[in-house]
Amino acid sequence: MTSHETLGVAVIGTGRMGADHVRRINEVISGARVAAVVDIDADRIKRLADGITGCTPYTDPAAALDDPAVDAVLIASPGPAHEAALLAAFARDLPVLCEKPLTPDAASALRVLEAEQALGHRRVQVGFMRRYDADYRSLKSLLEQGAHGRPLMLHNKHRNADTPPGFTNAMMINDSVVHEIDVTRWLLEEEITAVRVLRPAPTGNAPEGLSDPQLVLFETAGGQVVDTEIFVNCGFGYQVGCEAVCENGTARIGDDHGVFSNAAGRWGGAVPPGFVERFEEAYDRQVQHWVNATRRGEVEGPSCWDGYAAAAVCEAGVRAQTTGERVPVELIERPALYR
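Residues numbered from 1 in each chain as written. Predicted model: local features only at pLDDT ≥ 70, side-chain atom pairs only at ≥ 80, totals over all residues. Heavy atoms only, no water.

- As annotated in an unreviewed UniProt entry, the protein chain carries the name Inositol 2-dehydrogenase and comes from Streptomyces angustmyceticus.
- Per UniProt, the protein chain carries the Catalytic activity (unreviewed entry) text "myo-inositol + NAD(+) = scyllo-inosose + NADH + H(+)".
- In its Sequence similarities (unreviewed entry) section, the UniProt record describing the protein chain reads: "Belongs to the Gfo/Idh/MocA family." (UniProt positions renumbered as here; feature names shortened; annotations may be inferred.)

Written as structure tokens, this is what we have:
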């Protein structure tokens, strides 16, 4: 397609995240339209499609990808469904924005990686949206400029007000800390080589069986050490921050997001209630960048390699969480396509 044509997008999965992406493509970003929506819930997608001109509902992803109006795919279905959708997109050589995780485990992520390599070119951007957040981008720029010297450590915090029913210890790594895994690799430009997890006395606000909070420690190939406080039942809102400790200075983000005010004998600001509100602009920017690159015939952003590496670190993290031991991360050699 040419850069002047509107990109027809099939959105696979129309739950909370997918429906938000449908709204985003429809109302916020430019250069794309929702050409198809796909979900097993036929009533939900019919309601969605009825409100969008030229949008067709499908319960079968393959049928949606065969729709001639579809130029690209946004995958927002549950993680276990991603591999089949990605392989179907590869079979049609369609560009994809795939919400994290790429797939739920390293073995399936490696299969996707190998299938993309067989195409001979990248097709996937993985939805690690923090790379598109203004604060994280500023921190990345500062580290790239070397203003404070070489980075030695990162201190991360990741707090949620509460957890939904059924939230498990493994989900603390796979669903939450996965973001710190990606930003660690991105900010430091190093692979994570080992993981440890420390479990302090749990908060009384955690559901039975959930060890919350936890402290997750990463070692990198470049010798840096990274800690992440993950606290998913903090009770007061959604709070994310990162401090880089470098040879000649430090830099921190996440303390003063939004308006900070002084009034009536009090000072302070607001803590967002959840990740969608905190990272709304990052999601907008991520999808717009994907659309722009796709219309140019390019693929940018986090790759299948980043998705695979994150899955491998998550697996090591869950083992470390379970055993209490330091667990090395097992990665294949990075293929030329992703260097």
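1. Structural notes on the domain arrangement of the protein chain
- Partitioning the protein chain into structural domains gives domain 1 (7–129 + 281–303) and domain 2 (131–279 + 309–338).
- Buried surface at the junction of domain 1 and domain 2, both sides included, amounts to about 2,200 Å², of which 66% is carbon and sulfur.
- Applying the counting criterion to the domain 1 and domain 2 interface returns 0 salt bridges.
- One can count 11 residue pairs in polar contact (both at pLDDT 80 or more) joining domain 1 with domain 2.
- Every element with two or more residues in the side of domain 1 that touches domain 2 is listed here: α1 (16–27), α5 (106–119) and α9 (280–295).
- Here the element with the most residues in the side of domain 1 that touches domain 2 is α5; it accounts for 7 residues.
- In terms of residue class, the side of domain 1 that touches domain 2 is built from 11 nonpolar, 9 polar and 8 charged. (Domains from an automatic or database assignment. Buried area = accessible area lost by both parts, 1.4 Å probe. Salt bridge = Lys/Arg side-chain N within 4 Å of Asp/Glu carboxyl O. Polar contact = N/O pair within 3.5 Å; in protein donor to acceptor, adjacent residues only side chain to side chain. Helix = DSSP H or I, 4+ residues; strand = E, 2+ residues; numbered from the N terminus. Nonpolar A, V, L, I, M, F, W, Y, C, P; charged D, E, K, R; others polar.)

2. Focus on the packing of aromatic side chains
- Counted according to the given criterion, the structure contains 2 aromatic pairs.
- Each ring, one from Y238 and one from F279, has its centre 6.3 Å from the other, and the planes form 80 degrees; the classification is edge-to-face. Within this pair, whereas Y238 is found in the loop between β10 (225–231) and β11 (239–246), its partner F279 is found in the loop between α8 (275–278) and α9, the two being separated by 41 residues in sequence. Both residues of the pair, Y238 and F279, count as buried.
- On the numbers, 5.2 Å between centres and 55 degrees between planes, the contact of W305 with Y308 is tilted. Of the two residues, W305 and Y308 are both situated in helix α10 (residues 304–323); the distance of 3 residues between them amounts to about one turn of the helix.
- On the basis of relative accessible area, W305 is assigned to the buried category, the value being 2%.
- On the accessibility criterion, Y308 (3% relative accessible area) is buried.
- Over the ring of F279 we find R278; its NZ or CZ atom is 4.3 Å from the centre of that ring. (Phe/Tyr/Trp six-rings, centres within 6.5 Å; stacked < 30°, edge-to-face > 60°. Buried < 20%, exposed > 50% of the residue type's maximum accessible area, 1.4 Å probe, protein only. Lys NZ or Arg CZ within 6 Å of the ring centre and 35° of its normal.)

3. Here's the deal with the environment of E298
- Among the structural elements, E298 can be located in the loop between α9 and α10.
- Its relative accessible area of 38% is what places E298 among the partly exposed residues.
- Side-chain polar atoms of E298 contact the side chain of R296, separated by 3.1 Å.

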